[in-house]
Amino acid sequence: MTTPRQPSGSGSGSGSGSGRRQPPRAGAARPAAGRGQPAKGQSAARGQAAKPQAPKGQPAKPQPAKAQPVRSQSAKAQPAKSAAVGRTLRAPQQRRPEGRPPARSQAAVRPRPKSRLPQRPRPLKLAEPKRRLRVITVALSLVFSVFAGRLVQLQLVDADALAADANTNRYQNIPITAERGSIMSSDGVALAATVDAYDITADPAMFTPAATGIPDAPEQAAALLSPIIGVAKDRIAADLHTPKTRYKRLASQQTPAAKNQISDLKSSLEKQAGSRACQAQKKLLGKPADQGGRTRVDNECANPLAGVFNRETQKRIYPADGLAANLVGFVNGEGEGAGGLELQYQKQLAGKDGHSSYAQAGGRLVPTAGGSMDPAVPGSDVKLTINRDVQWAAQRAITDQVANSGAEKGYVVVQDVKTGQVIAMASAPGFNPNDLSLSKQSQMGNPALVDAYEPGSTAKLMSLAAVLDSGKANWDTRVTVPNRLVRAGQQFKDDVEHGDWYLTLAGVLAKSSNIGTIEAVETLGDGDQLKANQILDGYMRKFGVARPTGLNFPGETPGMLKKPEDLVASEKYNISFGQGPLQMNALQATSVYSTIANGGVRVAPSIVQGITGPDGKYTATPPGEQTRVVSEETAKTLTSMLESVVDDEQGTGGKAAIPGYRVAGKTGTANRGAADGKGYDGYTASFIGFAPADAPRYTVSCTLQGPVNGHFGGQLCGPVFKQVMEFTLKTMQVPPSGSQAPNLPVEWKP
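An account of the accompanying structure is given in this report. In every chain, residue numbers begin from 1 and rise along the written sequence. Whole-chain, interface and lining totals are the exception, using all residues; otherwise, since this is a predicted model, local features are given only for residues with pLDDT of at least 70 and side-chain atom pairs are given and counted only at 80 or more. To get the side-chain values, take all heavy atoms of the structure and skip hydrogens and water.

Some thoughts on the overall build of the protein
Item 1. For the protein, the helix and strand inventory stands at 22 helices and 26 strands.
Item 2. Evaluated residue by residue, the protein yields a buried proportion of 43% over its 750 residues.
Item 3. It only takes one pair of heavy atoms within 4.5 Å for two residues to be counted as in contact. Within the protein, counting contacts between residues at least 6 apart in sequence, those at least 24 apart form 72% of the total.
Item 4. We get accessible surface area from the Shrake-Rupley algorithm with a probe of 1.4 Å; when it comes to residues, only the shown protein chains can shield them. For the protein, the exposed area adds up to about 40,100 Å²; of that, 52% sits on carbon and sulfur atoms. Segments assigned H or I by DSSP are reported as helices when at least four residues long, segments assigned E as strands when at least two residues long, and all are numbered from the N terminus. A 1.4 Å probe rolled over the protein chains alone gives each residue an accessible area, and that area as a share of the maximum for its type sets the label: buried under 20%, exposed over 50%, partly exposed in between.

Comments concerning the state of the cysteines
Item 1. Note that a disulfide, as used here, is simply two cysteine sulfur atoms within 2.5 Å. Here the structure, examined in full by the defined rule, presents two disulfides.
Item 2. The disulfide partner of cysteine 278 is cysteine 301, and the gap between their sulfur atoms is 2.1 Å. Between cysteine 278 and cysteine 301, the S-S dihedral sits near -70°, and the bridge is therefore left-handed. Linking cysteine 278 in helix H8 (residues 276-283) with cysteine 301 in the loop between H8 and strand S5 (308-317), this pair joins segments that are 23 residues apart in sequence.
Item 3. Residue cysteine 301 is classed as buried on the basis of its relative accessible area, which comes to 5%.
Item 4. Each disulfide pairs two cysteine sulfurs, and for cysteine 702 the partner residue is cysteine 717, the sulfurs being separated by 2.4 Å. Residues cysteine 702 and cysteine 717 share a disulfide whose torsion about the S-S bond is about -60°; that sign makes it left-handed.

Considerations on the sheet that holds strand S12 (residues 409-416)
Item 1. When DSSP finds two or more bridges between two strands, those strands count as paired. Strand order in the open sheet formed by five strands is S13-S12-S26-S25-S24, with antiparallel pairing between adjacent strands. This sheet does not close on itself; its edge strands, each paired only once, are strand S13 (422-428) and strand S24 (664-673). Averaged over neighbouring strand pairs, the angle between their axes works out to 10° when direction is ignored.
Item 2. The pairing of S24 with strand S25 (residues 680-691) spans nine bridges and is classified as antiparallel. Bridge pairing in S25 places glycine 668 opposite serine 686.
Item 3. Strand contacts of helix H12 (residues 388-405): S12, S13 and strand S26 (698-705), with the helix running at about 30° to S13, the strand carrying the most contacts.
Item 4. Here an axis means a line fitted to C-alpha atoms, over the contact stretch when the element is a helix, while the angle between two N-to-C directions is reported on a 0 to 180 degree scale. Packed on one face of the sheet, helix H20 (residues 632-647) meets S24 and S25 and runs near 75° to S24.

Re the nonpolar core
Item 1. The biggest cluster of nonpolar side chains holds 88 residues, and the ones touching the most others in it are Leu384, Met425, Ile607 and Met641.
Item 2. Once residues within four sequence positions are removed from consideration, leucine 384 is found in contact with Ile183, Met184, Ser185, Ser186, Leu191, Val328, Leu341, Ile607, Val608 and Gln609.
Item 3. With 32 residues, the next largest nonpolar core counts Val646, Ala691, Leu704 and Val720 among its residues. The criterion is simple. A nonpolar core is a set of buried Ala, Val, Leu, Ile, Met, Phe, Trp, Tyr and Cys residues joined through side-chain atoms within 4.5 Å.

Concerning unusual backbone geometry
Item 1. Following alanine 428, the chain continues to proline 429 via a peptide bond in cis, the omega torsion being 0°.
Item 2. You can see proline 429 is positioned in the loop between S13 and helix H13 (447-450).
Item 3. In this structure, the amide linkage connecting alanine 691 to the following residue, proline 692, adopts the cis form with an omega of -15°.
Item 4. On the secondary structure map, proline 692 appears in the loop between S25 and S26.
Item 5. If you check the backbone angles, aspartate 526 has positive phi at about 50° while not being a glycine.
Item 6. Examined against the element boundaries, aspartate 526 turns out to sit in the loop between helix H16 (514-522) and helix H17 (529-542).
Item 7. Classification of aspartate 526 by relative accessible area gives exposed; the value is 56%.

A short note on the packing of aromatic side chains
Item 1. Between 30 and 60 degrees the pair is tilted, below 30 it is stacked and above 60 it is edge-to-face, where a pair is any two Phe, Tyr or Trp rings, Trp via its six-membered ring, whose centres lie within 6.5 Å. In total, this model carries seven aromatic pairs according to the counting rule given.
Item 2. Residues phenylalanine 330 and phenylalanine 431 carry aromatic rings whose centres are separated by 5.9 Å and whose planes lie at 90° to one another, so their mutual orientation is edge-to-face. Note that phenylalanine 330 is positioned in strand S6 (residues 330-331) and phenylalanine 431 in the loop between S13 and H13, a separation of 101 residues in sequence. The exposure classification of phenylalanine 330 matches that of phenylalanine 431, with both residues buried.
Item 3. Centre to centre, the rings of phenylalanine 492 and phenylalanine 577 are 6.2 Å apart; their planes meet at 80°, and the pair counts as edge-to-face. Of this pair, phenylalanine 492 sits in strand S16 (residues 490-492) while phenylalanine 577 sits in the loop between helix H18 (571-574) and strand S19 (582-583), placing them 85 residues apart in sequence. Each member of the pair, phenylalanine 492 as well as phenylalanine 577, carries the same accessibility label: buried.
Item 4. Aromatic ring contacts, followed pair by pair, group Phe492, Tyr573 and Phe577 into a single cluster.

As for the side chain of serine 594
Item 1. The topology assignment puts serine 594 in helix H19 (residues 586-597).
Item 2. Within the local environment of serine 594, its side chain forms a polar contact with the side chain of glutamine 415, the two groups lying 2.9 Å apart.
Item 3. For serine 594, the contacting residues outside a window of four places in its chain are Gln415, Val417 and Thr699. The term polar contact refers here to a pair of N or O atoms within 3.5 Å; inside protein, the definition further demands a hydrogen-donor-capable atom paired with an acceptor-capable atom, and it admits residues adjacent in sequence only when both atoms are side-chain atoms.

A word on the packing of helix H14 (residues 460-469) against H16
Item 1. Across the interface, H14 lies against H16 with an axial gap of 9 Å and an inter-helix angle of 30°. As for how H14 packs across H16, the hand of that crossing is left-handed. Here Lys460, Ser463, Leu464 and Val467 of H14 come into contact with H16, specifically with Asn514, Thr517, Ala520 and Val521.
Item 2. Grouping the constituent residues of the contact of H14 with H16 by class yields four nonpolar, three polar and one charged. Throughout, a crossing is termed right-handed when the near helix is turned clockwise from the far one, and left-handed when it is turned anticlockwise from it by less than a right angle. Under the scheme applied here, ten amino acids are nonpolar (Ala, Val, Leu, Ile, Met, Phe, Trp, Tyr, Cys and Pro), four are charged (Asp, Glu, Lys and Arg), and all others, including Gly, are polar.

Re the environment of leucine 464
Item 1. Along the chain, leucine 464 falls in helix H14.
Item 2. Along the backbone, leucine 464 and leucine 505 are 41 residues apart, and their C-alpha atoms lie at a distance of 8.2 Å.
Item 3. With sequence-adjacent residues up to four places away left out, leucine 464 is seen in contact with Leu505, Leu509, Ala520, Leu638 and Met641.

Considering H20
Item 1. Helices are assigned an expected span. That span is 1.5 Å times one less than the residue count. Helix length check: H20 (16 residues) gives 23 Å between terminal C-alpha atoms against 22 Å at 1.5 Å per residue, within 8%.
Item 2. Among the 16 residues in H20, twelve count as buried, and that is most of the element.
Item 3. Every buried residue of H20 is listed here: Thr634, Ala635, Thr637, Leu638, Thr639, Ser640, Met641, Leu642, Glu643, Ser644, Val645 and Val646.
Item 4. On its buried face, H20 sits against H14, helix H15 (505-510), H19, S24 and S25.

Thoughts on the side chain of threonine 557
Item 1. For threonine 557, the position within the fold is in the loop between H17 and strand S18 (560-561).
Item 2. Threonine 557 gets classed as buried once you look at its relative accessible area, which sits at 15%.
Item 3. A distance of 3.1 Å separates the side chain of threonine 557 from the backbone nitrogen of glycine 559, its partner in a polar contact.
Item 4. Setting aside chain neighbours within four positions, we find threonine 557 in contact with Leu449, Val450, Asp451, Ala452, Asn585 and Gln588.

Digging into the pattern of salt bridges
Item 1. Salt bridge, as used here: a side-chain nitrogen of Lys or Arg that lies within 4 Å of a carboxyl oxygen of Asp or Glu. Applying the stated criterion to the full structure yields 16 salt bridges.
Item 2. Across the pair glutamate 342 and arginine 316 runs a salt bridge, and its minimum N-O distance is 2.9 Å. Note that glutamate 342 is positioned in helix H10 (residues 340-344) and arginine 316 in strand S5, a separation of 26 residues in sequence.
Item 3. Arginine 672 is the salt-bridge partner of glutamate 408, the closest N and O atoms lying 3.2 Å from each other. Highlighted residues: glutamate 408 in the loop between H12 and S12 and arginine 672 in strand S24, separated in sequence by 264 residues.
Item 4. Under the relative-accessibility criterion, glutamate 408 is labelled partly exposed at 48%.

As for a nonpolar patch on the surface
Item 1. A surface patch of nonpolar side chains, amounting to about 600 Å² of accessible area, comprises Ile136, Leu140, Val143, Phe144, Val146 and Phe147.
Item 2. On the secondary structure map, valine 143 appears in helix H2 (residues 129-157). Candidates for patches are residues over 30% relative accessible area with no salt bridge; among them, like charges are joined within 9 Å and nonpolar side chains (Val, Leu, Ile, Met, Phe, Trp, Tyr) within 5 Å.

Take a look at the structure:
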């Protein structure tokens, strides 16, 4: 821009040589017309400065000098007019009368473009202030309404959900397993107990490349953990490749030794990864390559176990190994009952699980971040009626005899005749619930309750009880027993070939005659076999046949008893000696003899004595339901008849005799039903009895399925009965009998 002319006497123009006017630079832009003086209807003449006007009576205000047009070189060489000395302003140039500036030389004047006339500026029309204020107020109200609504949504409506989402990655929710209750014998010794163990868990989100600095953290962790916890590496790696899940259980019920080994290894890796060199590597992760950045750290600087933890839990153990295992049962890998009483009382034993939550960062607990805990409620303790010592004796005896006889399996049941409580229930072959891998699936059940079999001659007690209790015969009723008996077009026979036997009813039981039993039962119907079978059916059902024992044991069979009207052909007769349409389990068969020993009153069996809750309160199991089956007189008569089976020389149960004690019992030898349900295959050998016969206390039953080294019940199960009963009487301190057996006659002479 052109420098305005300084007024005379100004600071910049005073002094020697400063009064000379400086010529304007060539080509400098002229100031726009009318700038600074927008006087209405006035325009400056080309090349002429506006003459300042002063009000009348006031001196003229000095104006800056107007830039001079570019002159020729000769004009530039001429000195400027001298300025007045001091602060006196130079008088304005006088116009010529025609209002034009003095003529200039042609050389000094350059052609100038025609200047545009200044346009009149449009006046700015302002809006009404009130309206503008209303618009601003409405706009601000809308903005603040949106803010307020969002605030209400975050703080009130979605507060819980947002807080939960925020804590998802910060808080760990850990289940707390309730301590499983114990299963104890009658003397309070644990048959199944719980000890401390550890679940090995992991947080998969801590195994990502971003979290560990290595791309294969799951695989490295799996290689380290697999030999310790016994889980395949592929399975561990698959569990760790789930970063959206914050909790995975890699292995359950690990020993304290395994837990300590993992903890030591984790600490060693953590110390190594915390070195200065490793920390420097971690700082370079994600940075550009030109800045020395890294995409991963060295394996030596990674801790693939940082996301591995342990959770205290419990492990089920069986201190006596296989003792009563078929009854007690076992738990699965999750610690839940999977068989036997463990399954039946799962709800009571398991208790109620709890949970805890805590804040964590980098796998470490943040103590100041708070948390919550819902404590677990421990399970109840189940106390059984099983006597540990008697159980051991029964289990040893049946195990040995199964091996000696080559039987497929066998079982022994010991029952208190007064209370109905089961003192022992042993099966062979058994299993060890501490190591299920060594056992077959077929060995893990409880055949004494699960197997339904045709009892054979031991069922004759029910048939003769019906005859005696109905008043159709007495113990000394004479029965002629031929070698063969034809009924329903079929010939029936006894176990041995013989001529005509002349037996008392006691002798029929003592010699276990099938034919004699058929003849005795026929008297119930006075010649009407259907009526006889209906009476027999009523007594059998009162003895507990074809109905649950009341134990509610998993897989227990109620047995089978065909209705009288459904019996066909030979079934009408062979049911009387325990074959055909009659099936029982071992406890049902034992209960029949306990009923006779208890004076004809059946007491429902029980196996649980009581339950102690988590609060320590003990609740006893109610006594078993009692049912009168036969009269007391009938029961005494049958007891005497059963003694003849053991004491008489012609009896089949001589091997069951116990010195000093009167024993009442019955042998059983039955054809065993084939596995496919068609016909028979092999034998079922059994013996059931009670002692002392003069004051009965306990009933013992022995059953062998499929023996090959012999098949008679007295021969195979008689010795087992003697061994178990003798041990039981001594253990329970039962005094010997104080009288001799009546020795009822078994034969009569025609």
